[in-house]
Number of protein chains: 4
Amino acid sequence: MQLGLVGLGKMGFNMRERLRRAGHEVVGFDRNQEVSDAESLADMVGRLSAPRVVWVMVPHGAPTRETVERLGELLEPGDIVIEGGNSRWTEDQANAALLAEKGIGYLDCGVSGGVWGLENGYGLMVGGDAELVERAMPIFDALRPEGPRDEGFAHAGEVGAGHFAKMVHNGIEYGLMQAYAEGYELLAAADVVKDVPAVLKAWTRGTVVRSWLLDLLVNALGEDPELAELRGYVEDSGEGRWTIEAAIAHAVPAPVMSAALFSRFASRQEDSPAMKAVAALRNQFGGHAVHKAGPTSGAGEVK
Amino acid sequence: MQLGLVGLGKMGFNMRERLRRAGHEVVGFDRNQEVSDAESLADMVGRLSAPRVVWVMVPHGAPTRETVERLGELLEPGDIVIEGGNSRWTEDQANAALLAEKGIGYLDCGVSGGVWGLENGYGLMVGGDAELVERAMPIFDALRPEGPRDEGFAHAGEVGAGHFAKMVHNGIEYGLMQAYAEGYELLAAADVVKDVPAVLKAWTRGTVVRSWLLDLLVNALGEDPELAELRGYVEDSGEGRWTIEAAIAHAVPAPVMSAALFSRFASRQEDSPAMKAVAALRNQFGGHAVHKAGPTSGAGEVK
Amino acid sequence: MQLGLVGLGKMGFNMRERLRRAGHEVVGFDRNQEVSDAESLADMVGRLSAPRVVWVMVPHGAPTRETVERLGELLEPGDIVIEGGNSRWTEDQANAALLAEKGIGYLDCGVSGGVWGLENGYGLMVGGDAELVERAMPIFDALRPEGPRDEGFAHAGEVGAGHFAKMVHNGIEYGLMQAYAEGYELLAAADVVKDVPAVLKAWTRGTVVRSWLLDLLVNALGEDPELAELRGYVEDSGEGRWTIEAAIAHAVPAPVMSAALFSRFASRQEDSPAMKAVAALRNQFGGHAVHKAGPTSGAGEVK
Amino acid sequence: MQLGLVGLGKMGFNMRERLRRAGHEVVGFDRNQEVSDAESLADMVGRLSAPRVVWVMVPHGAPTRETVERLGELLEPGDIVIEGGNSRWTEDQANAALLAEKGIGYLDCGVSGGVWGLENGYGLMVGGDAELVERAMPIFDALRPEGPRDEGFAHAGEVGAGHFAKMVHNGIEYGLMQAYAEGYELLAAADVVKDVPAVLKAWTRGTVVRSWLLDLLVNALGEDPELAELRGYVEDSGEGRWTIEAAIAHAVPAPVMSAALFSRFASRQEDSPAMKAVAALRNQFGGHAVHKAGPTSGAGEVK
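Residues numbered from 1 in each chain as written. Chains lettered and ligands numbered in written order. Predicted model: local features only at pLDDT ≥ 70, side-chain atom pairs only at ≥ 80, totals over all residues. Heavy atoms only, no water.

Looking at an unreviewed UniProt entry, one finds chain A named 6-phosphogluconate dehydrogenase (Decarboxylating), with Streptoalloteichus tenebrarius as its source organism. In the Sequence similarities (unreviewed entry) part of its UniProt record, chain A is described as follows: "Belongs to the 6-phosphogluconate dehydrogenase family." (UniProt positions renumbered as here; feature names shortened; annotations may be inferred.)

Caption draft 1: Representation of the interface of chain B and chain C within the structure. Between chain B and chain C, the residue contacts involve 56 residues of the former and 57 residues of the latter. Counting the surface lost from both chain B and chain C, the interface buries some 5200 Å², and carbon and sulfur atoms represent 63% of this. Contact with chain C buries surface across chain B, with Arg231(B), Gln284(B) and Phe285(B) losing the most and accounting together for 15% of the total. The tally of links from chain B across to chain C stands at zero salt bridges. For the interface between chain B and chain C, the tally reads 16 residue pairs in polar contact (both at pLDDT 80 or more). Contributing elements (two or more residues each) for the side of chain B that touches chain C: helix H7 (161-189), helix H9 (212-223), helix H11 (255-267) and helix H12 (273-286) of chain B. (Contact = heavy atoms within 4.5 Å. Buried area = accessible area lost by both parts, 1.4 Å probe. Salt bridge = Lys/Arg side-chain N within 4 Å of Asp/Glu carboxyl O. Polar contact = N/O pair within 3.5 Å; in protein donor to acceptor, adjacent residues only side chain to side chain. Helix = DSSP H or I, 4+ residues; strand = E, 2+ residues; numbered from the N terminus.)

Caption draft 2: Representation of the nonpolar core within the structure. One finds Phe164(A), Phe164(B), Phe164(C) and Phe164(D) to be the most contacted residues of the largest nonpolar core, which totals 249 residues. With near-sequence residues (within four places) excluded, Phe164(D) lies in contact with Leu186(C), Leu187(C), Ala190(C), Val192(C), Val193(C), Trp89(D), Ala246(D) and His250(D). (Core = buried A, V, L, I, M, F, W, Y, C linked by side-chain atoms within 4.5 Å. Buried < 20%, exposed > 50% of the residue type's maximum accessible area, 1.4 Å probe, protein only.)

Caption draft 3: Expanded view of the relation of the copies chain B and chain A. Relative to chain A, chain B is turned by 180° and slid 0.0 Å along the rotation axis, the superposed coordinates differing by an RMSD of 0.0 Å. This pairing of chains is accounted for by a two-fold axis. Closest approach to the rotation axis within chain B is made by the C-alpha atom of Ser211(B), at a distance of 2.0 Å. Interface overlap between copies: 100% of the residues of chain B at the interface are likewise at the interface in chain A, consistent with a symmetric, same-surface contact. (Least-squares fit on C-alpha atoms with pLDDT ≥ 70 in both.)

Caption draft 4: Here's a closer look at helix H1 (residues 10-21) of chain B. All names here are of chain B. Taking 1.5 Å as the rise per residue, H1 with 12 residues should run 16 Å; its terminal C-alpha atoms sit 17 Å apart, in good agreement. Looking only at H1, the buried set comprises Gly12, Asn14, Met15, Arg16, Arg18 and Leu19. Those residues of H1 that are buried are in contact with strand S1 (2-6), strand S2 (25-29), strand S3 (53-56), helix H5 (117-120) and helix H6 (130-143). Looking at the residues trailing H1, positive phi occurs at glycine 23, about 95°. (Expected span 1.5 Å × (residues − 1).)

Caption draft 5: The arrangement of the interface of chain B and chain A in detail. If you look at the interface, chain B gives 74 residues, while chain A gives 75 residues. Both sides together, the interface formed by chain B and chain A hides about 6100 Å², and carbon and sulfur atoms give 71% of it. Summed over the shared surface of chain B and chain A, the result is six salt bridges. Residue assignment for the side of chain B that touches chain A shows that the elements contributing at least two residues are strand S6 (123-127), strand S7 (153-157), H7, helix H8 (196-202), H9, helix H10 (239-249) and H11 of chain B. The greatest single-element share of the side of chain B that touches chain A, amounting to 18 residues, is contributed by H7(B). Classifying every residue of the side of chain B that touches chain A by side-chain character gives 41 nonpolar, 21 polar and 12 charged. (Nonpolar A, V, L, I, M, F, W, Y, C, P; charged D, E, K, R; others polar.)

Caption draft 6: How the structure looks around the sheet that holds strand S2 (residues 25-29) of chain C. All names here are of chain C. With mixed pairing, the seven strands of this open sheet are ordered in space as S2-S1-S3-S4-S5-S6-S7. The sheet is open, and its two borders are formed by S2 and strand S7 (153-157), each paired with just one other strand. In this sheet, neighbouring strand axes are inclined to one another by 25° on average, regardless of whether the strands run parallel or antiparallel. The sheet contacts of helix H3 (residues 62-74) involve strand S1 (2-6), strand S3 (53-56) and strand S4 (80-83), and relative to S3 the element is tilted by about 165°. (Pairing = 2+ DSSP bridges. Axes fitted to C-alpha atoms, helices over the stretch in contact; angles between N-to-C directions.)

Caption draft 7: Representation of the side chain of Ser211(C). Tracing the backbone through its elements, the reader meets Ser211(C) in the loop between helix H9 (196-202) and helix H10 (212-223). Look at Ser211(C) and you get buried, because its relative accessible area is 10%. A distance of 2.7 Å separates polar atoms of two side chains, one belonging to Ser211(C) and the other to Tyr180(C). If we skip the residues at most four places from it in the chain, Ser211(C) touches Tyr180(C), Arg210(D) and Ser211(D).

Caption draft 8: Structural view of the relation of the copies chain B and chain C. Expressed as a screw operation, the relation of chain B to chain C combines 0.0 Å of axial shift with a rotation of 180°, fitting to an RMSD of 0.0 Å. Most of the interface of chain B is mirrored in chain C: 100% of its interface residues are interface residues there too.

Caption draft 9: Summary view of the pattern of salt bridges. Summed over the entire model, instances satisfying the criterion amount to 68 salt bridges over all chains. Residue Arg20(A) is joined to Asp37(A) by a salt bridge in which the shortest nitrogen-to-oxygen separation is 2.8 Å. Residue Arg20(A) is found in helix H1 (residues 10-21), and its partner Asp37(A) is found in the loop between strand S2 (25-29) and helix H2 (41-46); the two are separated by 17 residues along the sequence. Look at Arg20(A) and you get partly exposed, because its relative accessible area is 36%. Taking the relative accessible area as the measure of exposure, Asp37(A) reaches 26% and is therefore partly exposed. Among the salt bridges present, the one from Arg52(C) reaches Asp79(C), with a minimum N-O distance of 2.8 Å. Placement of the pair is Arg52(C) in the loop between helix H2 (41-46) and S3 and Asp79(C) in the loop between H3 and S4, with a sequence separation of 27 residues. Each member of the pair, Arg52(C) as well as Asp79(C), carries the same accessibility label: buried. Each of the salt bridges in this network shares a partner with another, and the network as a whole consists of Arg16(A), Arg20(A) and Asp37(A).

Caption draft 10: How the structure looks around H9(B). The end-to-end C-alpha distance of H9(B) is 17 Å, a good match for the 16 Å that 12 residues give at a rise of 1.5 Å each. Along H9(B), the residues classified as buried are Trp212(B), Leu213(B), Leu214(B), Leu216(B), Leu217(B), Val218(B), Ala220(B) and Leu221(B). Those residues of H9(B) that are buried are in contact with H5, H7 and H8 of chain B together with helix H13 (273-286) of chain C.

Caption draft 11: Up close: the packing of aromatic side chains. Going through the model one piece at a time under the given rule, you end up with 20 aromatic pairs over all chains. Seen from their ring centres, Phe262(C) and Phe265(C) are 6.0 Å apart, and the 55° between their planes marks the pair as tilted. Of this pair, Phe262(C) and Phe265(C) both sit in helix H12 (residues 255-267), three residues apart, which is roughly one turn of the helix. The exposure classification of Phe262(C) matches that of Phe265(C), with both residues buried. Each residue in the set Trp55(A), Phe140(A) and Phe153(A) is aromatic and connected to the rest through ring pairs, giving one cluster. A cation over an aromatic ring shows up here: Arg264(D) above the ring of Tyr174(D), its NZ or CZ 3.6 Å from the ring centre. (Phe/Tyr/Trp six-rings, centres within 6.5 Å; stacked < 30°, edge-to-face > 60°. Lys NZ or Arg CZ within 6 Å of the ring centre and 35° of its normal.)

Caption draft 12: Examining the environment of Gly12(C) more closely. Residues and elements named next belong to chain C. Positionally, glycine 12 belongs in helix H1 (residues 10-21). The spatial distance from the C-alpha of glycine 12 to the C-alpha of valine 58 is 8.2 Å, given a sequence separation of 46 residues. Each residue touching glycine 12, except ones within four places of it in the same chain, is listed here: Leu5, Gly7 and Met57.

Caption draft 13: Quick peek at unusual backbone geometry. Between Ala50(A) and Pro51(A) the backbone carries a cis peptide bond, its omega angle lying at -5°. Looking at where Pro51(A) falls in the secondary structure, it is placed in the loop between H2 and strand S3 (53-56). Phi is positive for Leu227(B), which is not a glycine, with a value near 50°. As for its placement among the helices and strands, Leu227(B) is situated in the loop between H9 and H10. In this structure Leu227(B) comes out as buried when scored by relative accessible area, which is 1%. In this structure, Ala251(C) takes a positive phi of about 55° despite not being glycine. Looking at the secondary structure, you find Ala251(C) in the loop between helix H11 (239-249) and H12.

Caption draft 14: Examining the packing of helix H13 (residues 273-286) of chain A against helix H8 (residues 161-189) of chain D more closely. In contact at an axis separation of 8 Å, H13(A) and H8(D) are set at 130° when each is read in the N-to-C sense. In terms of orientation, H13(A) and H8(D) fall into the oblique class. As H13(A) runs across H8(D), the sense of the crossing is right-handed. Of H8(D), the residues touching H13(A) (which contributes Pro273(A), Ala274(A), Met275(A), Ala277(A), Val278(A), Leu281(A), Arg282(A) and Phe285(A)) are Glu173(D), Met177(D), Gln178(D), Ala181(D), Glu182(D), Tyr184(D) and Glu185(D). A per-class count over the contact of H13(A) with H8(D) returns 10 nonpolar, one polar and four charged. (Parallel < 35°, antiparallel > 145°, perpendicular 65-115°, else oblique. Left-handed = near helix turned anticlockwise from the far one by under 90°.)

Okay, here's the thing in structure tokens:
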């Protein structure tokens, strides 16, 4: 079928390719004309036959909101917008209400798979009306992995459910990554273990901890066995934070997911104000030696 | 090749079967004569030709130690003992020293795979001398999953390295399970998501969080979509504790693995003394209402 | 000086008393006419001479917002409203803007001290214009503890700073309480310690951990040495959640404050969906025994 | 009364002074002859009249064990050794058994108070026989703070109970310090709060979080309002680790105390191997930019 696709970045670009390989006609638009099929959003819409389906794959927040608003002006009753980016689920309800006024349908879709999705397919979680989901199913079927539909696709619930599910997916992902990372650090710290990459690789087929993330960590250690080329500096992208906020809103204990998030925060600090305060306290009550701040943060000689 | 196998419980029983399917001759011994091939440990040893290889697969602690001591009396120089149970890695060094006095070799082997290992093979992590590892390789090759050896087997280091690696594996496992569990609880708590099992199932092929544990959780939800048949009561088996102790010994931060362990501890408490103390404090400073203990712990009416 | 005081609950009632003891003229209003000095908010305002100072001490959220709006109608330019309840600091800016349109000043004041404040005085943290703070200083001086002003009062910053500081105060409080509580539980769990209340009492004068909260815990144990009368069920009141949300917004690691919050969440669960998921996983991969849900949650026999 | 005091370091030196001020006769011994009253341990013992009381205040581990062994040779039946250092409570039982063979009594005493103990007195927690405790009471009374005995002294239980109680005290201390530290960091991170030291100072008299540690933090901020002179590098001294190990041994959830310990571990890392692993994973699945390790760890330019 025919699809308009707004946003041809790291994710959207690959998705267009996967959809075309499946035989769909994709008219992509991106501000970067080098990758865009259309000159403008209006041009893209103009090249689609009603009833249209337009997939939005731009950064969350203002870019997504503005795109949805502009599509509200350009599309017609009966068309569908699928927000496939990383919107916070609470934004979907506003988007859906805006478009509903004009008779335009709205689905939100969480998409997982990263740069590997082009070949492996993407895990999809969708929120919205069942009838709209059904109309867009050929697109979902092309994007999701081969195999049974329910192993790569879920109609999770009403509008917002797709992004809520994706948010939780990412919160879990933070926890999983941190669990492997702590274990890796402990293996590397112990003298008795001589070949850490070999141990992780030996886990990839038969053990309880085998997973795709483990495969990726094995890949990474294959390229750089001591991760000597990297700094332990880790960004977070929004969903991890929203997950903890949602956990708080629902009074759900989330010690593991929050520990993973806080570890990322800490990884980005040159020095920790909190630990300065602890050092100051120890100095106050016990006369414990403290480390003075050096000439430049993090680079100073330890005195 | 020929193997003596001591301990035919849930794990050992299946391992004997897998080894026999691979064409090895296994003489198993268990105190339970219904499953045992030999009448006694001495009988088992007597039925093996030197140089012998004996795999020990009994509960860790005293049963393992006593078995190793007894094997030290029964075996001959040049024989090998492989401790494949869940010993703490620090016990391996004592075991190895004991047997070394008699010229008997010692390997420790962490084994992962649970009840699925019979069909899937077991992930194996081995510690000890390379020469001994080489001699036992046909056994390791039969137990590990099909495919490249290094994806299911590692010679991790010296004596103790196998169990150290297995210990960390289990620590990671605790963290992974807790991450999925927290995410599951959050999905279940949110009204917007209508079909939690479907969401988890949709993650199994294309997403970043796909794993064998996720497959198992999907299985469990397939059988009992709201886990209504279960209580949230979770044992821990030793390795999780040892992992945190090892992390402390190496000054490795382990917030995720420890949070997972502590969640298990808390799951087994009818009431929390710590939270009683917090309730008492709130009552003291703020006159906040408290919940009185009921007629029997956990069953009392909330007043 | 003269003060209008809206809200004569657990906190406001005592504050009126403390202010009167200091010689101030307080006209209190509460919906509960038994404790109220005025028949209505309008009546209260009518009995104050301009320029008026009105302190709001009602539950946060809608009650506070509505009170502020109504005061906006009743007060005159040059009057001051002090929001002394537990508003989220982000609400202060809206309140201040609303009143600023009418020429009415606004201060936010975090108040700590609980039921003990009547005798001990209240710790005060204020946000807003210095000139307004100065005008209300006689009130602050009467409410705060005796002694140097800066040991019981701070002009923390602009509008919102008072409630932000109070929010963090409560986040810290959660962490402190949980630290004592965990230590209490560990002491109580160890056979070697025979007299837990005596140990905590011995900490109250000379140790590093002495504090007012410790004194309160000692009080509580004096009344009920094993806290046998209480259930470990602990509410949370908002500030603890907001603190973690603020920590996330500022990328500040908050492992201790969040652990304290999550422990409260968990304390209120009859059973943990997350731990059910962990139990389900262990059963799936290891055939581990699980505990079946009983006839009623939490009261069921463990099978 | 008369006391032998072995170890005149930061703690012992002040304790001798406090005991002398109370009128006790203290014969101190230290390897550092500049502060020592006796030339040798034997000399010290020789200058005491039987039945002797000797207080040991040397570093835990080998120094304490060797001192106890040597005292076992030098002392006579009926004498008492008080181990007042930071021994692990499990070591007390061995010490007590060693001395019991020779008819020498043994008490273990946890001592809290740091450098402030000279003036404020020390909080004391003692383990051992009641009869021995009674004999040493004049010493305990001189060391503990003025006021009721039970507010600065506890006979906690049998041998080991004193150090167990002190260990938990320190575990709590870690949690308290971290709670204040996280709150401090959050206050400092928020633009709305203009005067962080003033806020903390305003908490010192009337609030729920008032404590001696808070007073110390206020002191520290008084000297260095942004803690600019310090690095956030924090040692840990043993008891924090033992507390978590004891919590694990008793299956007591300790999320706050462990988070505080792990934050100290992390504070000492130039880079985090775990976070390198997380960075590697993100790079693998999402093509996320990573920060390359610079020319020297921690000082490298972020690329």
